[in-house]
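Structure assessment
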Amino acid sequence: HAKNNKMDTMVYQSLLDEHSLERLSLFNELNEAITTGTLELYYQPQVVTHGEGIPSLEALIRWPHPVKGMVFPDRFIPMAEDSGLIIPMTWWVLESAMEQCAAWHRAGLPVTVAVNFSAHCLQEDDIVQRIADCIKRHNLPDHSLVLEITESMIMADPHQASTVLLEIDKLKVDVSIDDFGTGHSSLAYLKHLLVDELKIDRSFVMGMHEHKNDEVIVRTVISMAHNMGLRVVAEGVETRRDWDALTAMNCDRIQGYFISRPLPVEQITRWLEAFVR
Ligand code: C2E
Ligand code: CA
Ligand code: CA
Ligand code: CA
């Protein structure tokens, strides 16, 4: 029996090693992809439901991997968060999204771009200065950038978060609370925070027609946001039926496969040109 235990431990140990080796190689490869700029941003539109405003675009990271093919963020963001690679990665995303945003503006497509901003970056000392420099370097008009941050990120240190959000507001950069409703919610803090937008998590939108409670949550979040002077984006909108329901509820912006999947730059540019024409 003792011998079996030892065997188990050995097997377990080697599995563990294999696992950490895999993580180590993922780490090294991602690190290299960040340094060499081989990551890619796809963009997904958020269209306004009422009126004629030009769509905003959310930047979503992709990793074209020589062996694994296109790697989606769910496969490497958690490791990036744990290892700290998320910080240089986020700065790469911001720089690259703002450069592209400026190119769209020069081409007569004055879009707003939303970037997913990790909790770890909010804790960096120089974040406000770096964001300011980035916007200035690309000569972008006010409110061209939206930072999407999650609730859990704010709740980790509400006091620090509110200080940073105050500074970000002064830069005329908008802040959106991403995946709203899924974190340990912060309704009490929300009223003190300088945010501009709530983004209703797609789990509520996708459950809206089957579960009365999801529908109630969506409706309530929209009306609460409006009462607080915030705009609302719904994500995960896949059908005409979702669109109709959300439009009837006065949701401001819609994002999802019903409008468009996330697309690489060239394709989303053609999509935008067709949209404004
Ligand atoms: P998220 O911020 O909630 O982004 C929305 C995700 O929903 C995207 O997945 C998008 O492709 C997907 N989606 C959009 N419309 C629909 C729809 O109608 N139906 C369904 N089923 N899905 C839809 P994606 O691109 O795989 O990104 C997954 C997550 O990875 C993002 O969730 C975000 O948390 C994270 N992520 C992506 N890019 C970045 C980045 O540049 N930085 C950081 N820190 N995180 C990122
Ligand atoms: Ca997001
Ligand atoms: Ca603001
Ligand atoms: Ca989400």
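Look up: the structure comes first, before these words.
This text gives an overview of the structure that appears in the document.

Cut-offs used in this document
- Residues numbered from 1 in each chain as written.
- Chains lettered and ligands numbered in written order.
- Predicted model: local features only at pLDDT ≥ 70, side-chain atom pairs only at ≥ 80, totals over all residues.
- Heavy atoms only, no water.
- Helix = DSSP H or I, 4+ residues; strand = E, 2+ residues; numbered from the N terminus.
- Buried < 20%, exposed > 50% of the residue type's maximum accessible area, 1.4 Å probe, protein only.
- Donors = N, O, S within 2.8 Å, 3.2 Å for Na, K, Ca; no water.
- Phe/Tyr/Trp six-rings, centres within 6.5 Å; stacked < 30°, edge-to-face > 60°.
- Lys NZ or Arg CZ within 6 Å of the ring centre and 35° of its normal.
- Near = heavy atom within 4 Å.
- Polar contact = N/O pair within 3.5 Å; in protein donor to acceptor, adjacent residues only side chain to side chain.
- Areas by Shrake-Rupley, 256 points an atom, 1.4 Å probe, with all protein chains shown as cover.
- Nonpolar A, V, L, I, M, F, W, Y, C, P; charged D, E, K, R; others polar.
- Pairing = 2+ DSSP bridges.
- Right-handed = clockwise from strand over helix to strand, strands pointing away.

Although it is not a glycine, Asn-139 adopts a positive phi angle of roughly 60 degrees. Structurally, Asn-139 is set in the loop between helix 5 (127–137) and strand 5 (145–150). Judged by its relative accessible area of 68%, Asn-139 falls in the exposed class. Within the chain, Asn-250 stands out as a residue other than glycine whose phi angle is a positive 70 degrees. Turning to its location among the elements, Asn-250 is positioned in the loop between helix 11 (240–248) and strand 9 (253–255).

Turning to the coordination of the calcium ion (ligand 4), a few remarks are in order. Looking at the calcium ion (ligand 4), one finds its protein donor set to be Asp-179 (OD), Asp-201 (OD) and Glu-235 (OE), positioned 2.0 to 2.8 Å from the metal centre. Between consecutive donor residues of the calcium ion (ligand 4), the sequence gaps follow D-x21-D-x33-E. If you look at the calcium ion (ligand 4) and the calcium ion (ligand 2), they sit 5.6 Å from each other. With a gap of 22 residues between them, Asp-179 in strand 6 (residues 174–180) and Asp-201 in the loop between strand 7 (197–200) and helix 9 (202–207) connect regions that are remote in the sequence. The partly exposed category is assigned to Asp-179, whose relative accessible area is 26%. The class of Asp-201 is buried, set by a relative accessible area of 11%.

What follows concerns the coordination of the calcium ion (ligand 3). Surrounding the calcium ion (ligand 3) are the protein donor atoms Asp-169 (OD), Asp-196 (OD) and Asp-196 (OD), which sit 2.3 to 2.8 Å from the metal. Of this pair, Asp-169 sits in helix 7 (residues 158–170) while Asp-196 sits in the loop between helix 8 (187–190) and strand 7, and the two are 27 residues apart along the sequence. Taking the relative accessible area as the measure of exposure, Asp-169 reaches 30% and is therefore partly exposed.

Scanning all chains against the criterion turns up 5 aromatic pairs. Plain terms: the ring middles of Trp-271 and Phe-275 are 5.2 Å apart, the flat faces sit at 25 degrees to each other, and that makes the pair stacked. Within this pair, Trp-271 and its partner Phe-275 are both found in helix 12 (residues 265–276), separated by 4 residues, close to a single helical turn. Here the basic side chain of Arg-62 rests over the ring of Tyr-42, its NZ or CZ set 5.4 Å away from the ring centre. The residue whose ring lies beneath Arg-261 is Tyr-257, and the NZ or CZ to ring-centre distance is 3.8 Å.

Our focus in this paragraph is the site of ligand 1. In the vicinity of ligand 1, 24 residues are found, and the nearest of them are Gln-44, Arg-62, Arg-202, Glu-238 and Tyr-257. Asn-116 places a side-chain nitrogen or oxygen 3.2 Å from an oxygen atom of ligand 1. One of the side-chain N or O atoms of Glu-238 is found 2.5 Å from a nitrogen atom in ligand 1. Contact with the protein chains covers 87% of the free accessible surface of ligand 1, which is 810 Å². Of all the elements in the fold, those that place two or more residues in the shell around ligand 1 are strand 2 (56–65), helix 3 (86–106), strand 6 and helix 9. The element contributing the most residues to the shell around ligand 1 is strand 2, with 4 residues. Classifying every residue of the shell around ligand 1 gives 12 nonpolar, 4 polar and 8 charged.

A separate point is the pairing of strand 8 (residues 231–234). Successive side chains on a regular strand alternate, one facing one side of the sheet and the next facing the other. Looking at chain direction, strand 7 and strand 8 are connected through 4 bridges and run parallel. Bridging across to strand 8, Glu-197 finds its partner in Arg-231. Sheet topology note: the strand 8/strand 9 ladder contains 2 bridges and is parallel. Considered in strand 9, the bridge of Ala-234 is made with Ile-254. Tracing the backbone out of strand 8, into helix 11 and back to the parallel element strand 9 gives a crossover that is right-handed.

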